[in-house]
Amino acid sequence: MTTPPETPETPETTQPPRAGETVDLSVVIPAYNEEERLGPTLAAVTRYLTDNESRFGSWEVIVSDDGSTDGTREVAALGHPRVRLVAADRNRGKGNALRLGVAATGGSRVLVTDADLAAPIEELERLDKALSEGSAAAIGSRAVPGAEIADHQHRLRELLGRAGNLLIRATAVPGVRDTQCGFKLFDGDLARAAFADSRLDGWGIDIEVLQHLHRDGHPITEVPVRWSHQPGSKVGPLDYPKVLADLARLRLRRLRPADLLVPVLFLLMSVTLYSGRFFDPDHRYLTDSLQDQNQWEWFFAVTADNLAHLRNPLFSDFQNFPDGVNLMANTVMLGLSVPFAPLTLAAGPAVSLSVCMALGLAATAVAWYWLIVKRVVRHRGAAFAGAALAAFAPPMVSHANAHPNFVILFMIPLIIDRALRLATGERVRRDGIVLGLMAAYQVFLGEEPFLLAALGMTLFAVAYAAVRPQVAKEAWRPLARGLLIAGAVCLPLVVLPLYWQFTGPQSYHSVLHGDNAGNSPLSLLAFAERSMLFGDAGRANELSLNPTEQNAFYGWPLVLLAFGIVVRMWERPLVRALAVTSVAAAVLSMGPKIRVPLTETVYPGPWALVRKFPLFESVIEGRVAMICAPALGILLALALERVLATRRIGAQYFGLLAVALALLPIVPAPLRSQPREAVPEFISSGMWKSYVGRGESLVPLPLPDPGYAEALHWQTSAGLGFKLPGGYFNGPYGADRTGIYGAVPRYTSDMLRDVRYSGKVPVIGKNWRAQAQQDFAYWKAGALVVAPQPNDEKLRQAVEALTGKPGKWTGGVWVWDLHEGS
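All values derive from a computational prediction rather than experimental measurement.

Peer 1: Mind showing me how you'd approach the overall build of the protein here?
Peer 2: A tally of helices and strands in the protein yields 30 helices and 21 strands. Looking at the protein as a whole, 52% of its 822 residues are labelled buried. Accessible surface for the protein amounts to roughly 36,500 Å². Of this, 60% is attributable to carbon and sulfur atoms. Mean positive and mean negative side-chain charge positions of the protein (78 and 76 charges, respectively) differ by 5 Å.

Laid out in structure tokens, this is it:
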């Protein structure tokens, strides 16, 4: 006869619970190869619960073995009448063990504790008190005031744990500082439901269960506990990335199929829009980008080159040599050109810019979709339509030709969401810090779009406060406090780059755009050039500065639909605030002078009140109408959700028909592209290297400028091997450092530019030649180059007269070597 293992004594008056029987407290201990530690742990737990049965009531202990390969299942303490063993057939992970163990419980409360008792069982009293006060879960925490840590983990493990918990709070369980402490007390029924619903087998089970409770609105309380690291931990280095993988799986599981489809659709829309360039960016050029594609490729190339050679990323003298270019004052989008630098170096700036713009536009649409689903409507189709309008509206498509800083706006919806969080008054410090980091990053994506977004948010906030004053009264203090925190976080991160931008070499204080760069009222109702069905290039260009600045052009059907939505849904404060925001932005976009269409009558516009303010003085006021795009998108989403929710077939039919008739006229056609000008063999073959010495420049004539900057493409194709005078950038002019486009004019560059455009060569005598020698010396010119172009023969004659010698035709260009004795 086998002698049963010795077990701690059980009071004779209490019968051991049977499987599935209801008790007051169930304790679940997951175990995997815990032969050494399990016995002392069970002895401590059973002794404590036996001594405190008057407090905790009837109890049971469930040891959930996860396929141990040692003697865990033969530990003598498992013979205690109140201890039961449940076992998995093989090792799957802590999550599987807990799911198995909790399913076997019958307790009104369920305590989950690790086999090492890093948090002693005596801490149960603290958790039980918190659960009795109304919480669904009371979880032991090492990160809240009052927690005591006797023996710390290795410093690296602590740092990884803290970093992981920051990510967990941000993505899965907001407000919980320590999800991974293995000492948690749950309401029994809720625990069994949460663990039964879980799917993770690894360490991420804690996050998944807490997320389940949080999602269902059950309160979770963090309780400070005494904790001491125990040797023999089963958490290895590879388990940290496994937890991150579990976290990613949790995020994906929360997504609906539509949420996974939407990014794919937006990416397809973006690639279709850019299809003329996307599949062969090295040899295709967006026709309506004017010279901006050359400029932006240069920005990406010089940023990557600066990083590769450990140079200052805020300045370069490869363009406008020898004075250089203040890159921070030229919107080089360091927030993207820096992370895209590896692709730029590997595949070239044309590929890098093309991929960046296509992905960025799609990401912006996804960000608007996320914000609309989270804050405005639940219907995924309605949110998709609203986000599509916000990201692919006619002004956005216009800027998609040339201005990535005005179409890659994925941070703006995230900033709006964070500001709305501040207004609730919850976690103001944390949200203020996050908002400050977001704002700093947006500064490196584009300051002017950020300014316009801030203007739009201010208009909305004022309008919403007017219609809901009580909400505004409750929100303004936490919002103001959060904004101050955000400013305190953002400013140190951007102060040096901004100081360089406004006071550093080649800085300027404003850019002149003419007396009135505002929109005509007619442009708000007309159709953009790239509208697939109703585009009219002639009319659109009459009403805009150029094809990249068609900043309104929403079309009269969409404006009429928006008016109808506002009238029909006027009772909703959100609709009223969006309507005021749209109208105010549209009026501001008309500039300081508003001309009544078809008349000579001019009225002062409200933009005149702010046009002289710092920052506002450099804004092209017509761009303010871009604020209307997301406002109209949200109005559209609201209307579509109401239409799709109605059970009246007629209302659905006519509502969807109205939306279709408003949107179809502004569906964009793919952006036009054309074959790219070939780089002359003189550049592509490296012939230029024998003409340009160290510290010298290669001088294309006329100098590259905003009107024709193909030489920038030469330079990037040559790996930035030589420097250029002139160029396409913003820089200072005159004693007051007013911003202009391009280099400060010099006599020789101006004269040769006139020759190119007029075909007339002036009489060139001694004075012109002397001036040319001064200008060539200023540019440190090693060689002059005239490539095939309009009036190139006249240019050749002028340069020969200035230098006093004929050029040499080589590599497809005329070249003048300026070295002595050449």
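From this point on, the discussion continues.
Peer 1: Just to check I follow, could you spell out helix 11 (residues 292-308) for this structure?
Peer 2: Helical periodicity: at 3.6 residues per turn, an α-helix aligns residues three or four positions apart in one direction. Helix length check: helix 11, at 17 residues, gives a terminal C-alpha distance of 24 Å against a target of 24 Å (1.5 Å per residue), a fit within 8%. The first or second residue beyond helix 11 is Leu310, which carries a positive phi of 55°.

Peer 1: Which parts of the structure should I look at to understand the sheet that holds strand 20 (residues 808-810)?
Peer 2: Sheet strands pair by backbone hydrogen bonding; their relative direction is either parallel or antiparallel. The strand order across the open sheet formed by four strands is 16-19-21-20, and the pairing between neighbours is mixed. Each edge of the open sheet carries a strand with a single partner, namely strand 16 (697-700) and strand 20. The mean angle between the axes of side-by-side strands here comes to 35°, regardless of whether they run parallel or antiparallel. For strand 16 and strand 19 (residues 781-786), the ladder comprises four bridges, and the chain directions are parallel. When the bridges of strand 19 are listed, Leu698 appears paired with Ala783.

Peer 1: How should unusual backbone geometry be read in this particular structure?
Peer 2: Peptide bonds are trans in most cases, and residues, glycine excluded, mostly fall at negative phi. Put simply, Phe321 and Pro322 share a cis peptide bond, and its omega is 10°. Relative to the helices and strands, Pro322 resides in the loop between strand 11 (315-316) and strand 12 (325-326). For the bond from Leu701 to Pro702, the omega torsion is -5°, close enough to zero to count as cis. By secondary structure assignment, the location of Pro702 is in the loop between strand 16 and helix 27 (710-717). The backbone of Leu598 sits at a positive phi, close to 70°, despite the residue not being glycine. Within the element layout of this structure, Leu598 appears in the loop between strand 13 (593-595) and strand 14 (602-604). Note on Leu598: relative accessible area 87%, which makes it exposed.

Peer 1: Quick question: what am I supposed to make of the sheet that holds strand 2 (residues 59-65) here?
Peer 2: Read from one edge of the open sheet, seven strands run 3-2-1-4-7-5-8, paired in mixed fashion. In this open sheet, the two edge strands, each paired with only one partner strand, are strand 3 (83-87) and strand 8 (220-224). Strand after strand, the sheet turns through a mean of 20° between neighbouring axes, direction not considered. Pairing between strand 1 (residues 23-31) and strand 4 (residues 107-113): five bridges, direction parallel. Residue pairing for strand 4: Val23 is matched across the bridge by Gly107. Against the sheet, helix 1 (residues 38-51) makes contact with strand 1, strand 2 and strand 3, and its axis sits at roughly 165° relative to strand 2, the strand it touches most. The strands touched by helix 4 (residues 124-132) are strand 1, strand 4, strand 5 (137-141), strand 7 (183-187) and strand 8; relative to strand 7, the strand with the most contacts, the crossing angle is about 30°.

Peer 1: What is the right way to look at the packing of helix 28 (residues 747-758) against helix 29 (residues 766-778) in this model?
Peer 2: Axes are the key here: two packed helices are described by the angle between their axes and the distance separating the axes. Close contact between helix 28 and helix 29 brings their axes to 8 Å; oriented N to C, the two are set at 110°. On the basis of their axis angle, the class for helix 28 and helix 29 is roughly perpendicular. On the side of helix 28, the interface is formed by Tyr747, Thr748 and Met751, while helix 29 contributes Trp768, Gln771, Ala772, Asp775 and Phe776. Considered class by class, the residues forming the contact of helix 28 with helix 29 number five nonpolar, two polar and one charged.

Peer 1: Looking at this structure, how should I read the pairing of strand 18 (residues 738-741)?
Peer 2: Pairing between strand 17 (residues 730-733) and strand 18: four bridges, direction antiparallel. Across the sheet, residue Tyr733 finds its bridge partner in strand 18, namely Thr738. Taken together, strand 17 and the strand that follows it, strand 18, pair antiparallel across an intervening segment of four residues, in which Gly734 is found at a positive phi of about 80°.

Peer 1: Would you take a moment to explain the pairing of strand 19 for this structure?
Peer 2: A large share of strand 19 lies buried, amounting to six of its six residues. Judged from the four bridges that link them, strand 19 and strand 21 (residues 813-817) form a sheet pairing that is antiparallel. Among the inter-strand pairings, Val786 is bridged to a residue of strand 21, identified as Trp814.

Peer 1: When you look at the side chain of Arg676 in this model, what are you seeing that I'm missing?
Peer 2: The topology assignment puts Arg676 in the loop between strand 15 (673-675) and helix 26 (681-684). A residue is classified by how much of its surface remains accessible, and Arg676, at 10% relative accessible area, is buried. A polar contact is formed between the side chain of Arg676 and the side chain of His713, at a distance of 3.4 Å. Contact partners of Arg676, with chain neighbours within four places excluded, come to Pro281, Asp282, His283, Arg284, Tyr285, Gln293, Asn294, Glu297, Ala350 and His713.

Peer 1: What am I meant to see in a nonpolar patch on the surface here?
Peer 2: On the surface, Met532, Leu533, Phe534, Leu664 and Val667 cluster together into a nonpolar patch covering about 480 Å² of accessible area. In this fold, Leu533 is placed in the loop between helix 20 (469-503) and helix 21 (537-542).

Peer 1: Even after reading the chapter, I still don't get empty space enclosed by the protein, so can you show me in this structure?
Peer 2: Vacant regions in the atomic arrangement are exposed by a probe of water-molecule size rolled over the atoms. Summed over all chains, the structure comprises one cavity of 30 Å³ or more. The calculated volume of the largest cavity comes to roughly 60 Å³. Residue lining of the largest cavity: Pro394, Val397, Ser398, Ala528, Glu529, Arg530, Ser531, Pro547, Gln550, Ile666 and Pro668, and that is the complete set. Of the residues contributing to the lining of the largest cavity, the split by class is six nonpolar, three polar and two charged.

Peer 1: Sorry if this is basic, but what is going on with the nonpolar core here?
Peer 2: The nonpolar side chains of a soluble globular protein tend to be buried, and buried together. Counting 138 residues, the largest nonpolar core has Phe266, Tyr274 and Phe682 as the members making the most contacts within it. In terms of residue count, the dominant contributor to this core is helix 14 (residues 349-375) (13 residues). Each residue touching Phe682, except ones within four places of it in the same chain, is listed here: Met687, Trp688, Tyr691, Leu698, Val785, Thr810, Gly811, Val813 and Val815. One finds Phe56, Val63, Ala77 and Leu124 within the second-largest nonpolar core, a separate group that totals 34 residues.

Peer 1: Looking at this structure, how should I read helix 19 (residues 447-467)?
Peer 2: The end-to-end C-alpha distance of helix 19 is 30 Å, a good match for the 30 Å that 21 residues give at a rise of 1.5 Å each. Against helix 17 (411-424), helix 18 (428-443) and helix 23 (573-588) lie the buried residues of helix 19.

Peer 1: In this structure, what is going on with the packing of helix 17 against helix 18? I would like to understand it.
Peer 2: Contact geometry of helix 17 with helix 18 gives a least axis separation of 9 Å together with a crossing angle of 160°. For the element pair helix 17 / helix 18, the angle class is roughly antiparallel. When you trace helix 17 past helix 18, the crossing you get is left-handed. Contacts between helix 17 and helix 18 pair Met411, Ile412, Leu414, Ile415, Arg418, Arg421 and Leu422 from the former with Val428, Arg430, Asp431, Gly432, Val434, Leu435, Met438, Ala439, Tyr441 and Gln442 from the latter. Split by residue class, the contact of helix 17 with helix 18 holds eleven nonpolar, two polar and four charged.

Peer 1: I would appreciate a short explanation of the environment of Phe553 in the present structure.
Peer 2: Residue placement: Phe553 occurs in the loop between helix 21 and helix 22 (556-568). For the pair formed by Phe553 and Val373, sequence separation is 180 residues and the distance between their alpha carbons is 27 Å. Once you skip the residues sitting within four places of it in the chain, Phe553 turns out to touch Pro394, Ser523, Leu524, Ala526, Phe527, Ala528, Ala540, Leu543, Ser544 and Ile666.

Peer 1: In this structure, what is going on with the packing of aromatic side chains? I would like to understand it.
Peer 2: Aromatic ring pairs are defined here through the distance separating the ring centres and the angle between the ring planes. Tallied over the entire structure, the rule returns 17 aromatic pairs. For the pair Phe315 and Trp500, a centre-to-centre distance of 6.3 Å together with 70° between the ring planes defines the contact as edge-to-face. Highlighted residues: Phe315 in strand 11 and Trp500 in helix 20, separated in sequence by 185 residues. Aromatic pair Phe776 and Trp779: ring centres 6.2 Å apart, planes at 45°, arrangement tilted. Under the relative-accessibility criterion, Phe776 is labelled buried at 4%. Connected via pairs of aromatic rings, a cluster forms that spans Phe266, Phe384 and Phe392.

Peer 1: Sorry, what's going on with the environment of Thr105 here?
Peer 2: Checked against the element boundaries, Thr105 lands in the loop between helix 3 (94-103) and strand 4. For Thr105, a relative accessible area of 6% translates into the label buried. With 78 residues separating them in the primary sequence, Thr105 and Val27 have C-alpha atoms 8.2 Å apart. Discounting chain neighbours no more than four positions away, the residues touching Thr105 are Ser26, Val28, Glu60, Ile62, Val110 and Arg192. Engagement of the side chain of Thr105 in a polar contact is seen with the backbone oxygen of Val102, the distance being 2.7 Å. A distance of 2.9 Å separates the side chain of Thr105 from the side chain of Arg192, its partner in a polar contact.

Cut-offs applied
Residues numbered from 1 in each chain as written. Predicted model: local features only at pLDDT ≥ 70, side-chain atom pairs only at ≥ 80, totals over all residues. Heavy atoms only, no water. Helix = DSSP H or I, 4+ residues; strand = E, 2+ residues; numbered from the N terminus. Buried < 20%, exposed > 50% of the residue type's maximum accessible area, 1.4 Å probe, protein only. Areas by Shrake-Rupley, 256 points an atom, 1.4 Å probe, with all protein chains shown as cover. Lys, Arg positive; Asp, Glu negative; His and termini not counted. Charge placed at Lys NZ, Arg CZ, Asp CG, Glu CD. Expected span 1.5 Å × (residues − 1). Pairing = 2+ DSSP bridges. Axes fitted to C-alpha atoms, helices over the stretch in contact; angles between N-to-C directions. Contact = heavy atoms within 4.5 Å. Parallel < 35°, antiparallel > 145°, perpendicular 65-115°, else oblique. Nonpolar A, V, L, I, M, F, W, Y, C, P; charged D, E, K, R; others polar. Polar contact = N/O pair within 3.5 Å; in protein donor to acceptor, adjacent residues only side chain to side chain. Patch = residues over 30% accessible without salt bridge, like charges linked within 9 Å, V, L, I, M, F, W, Y side chains within 5 Å. Salt bridge = Lys/Arg side-chain N within 4 Å of Asp/Glu carboxyl O. 1 Å grid on protein atoms, 1.4 Å probe; cavity = no way out; pocket = protein on both sides within 12 Å on 5 of 7 lines; lining within 4 Å. Points joined across faces, edges and corners; volume = space filled by probe spheres on them. Core = buried A, V, L, I, M, F, W, Y, C linked by side-chain atoms within 4.5 Å. Left-handed = near helix turned anticlockwise from the far one by under 90°. Phe/Tyr/Trp six-rings, centres within 6.5 Å; stacked < 30°, edge-to-face > 60°.

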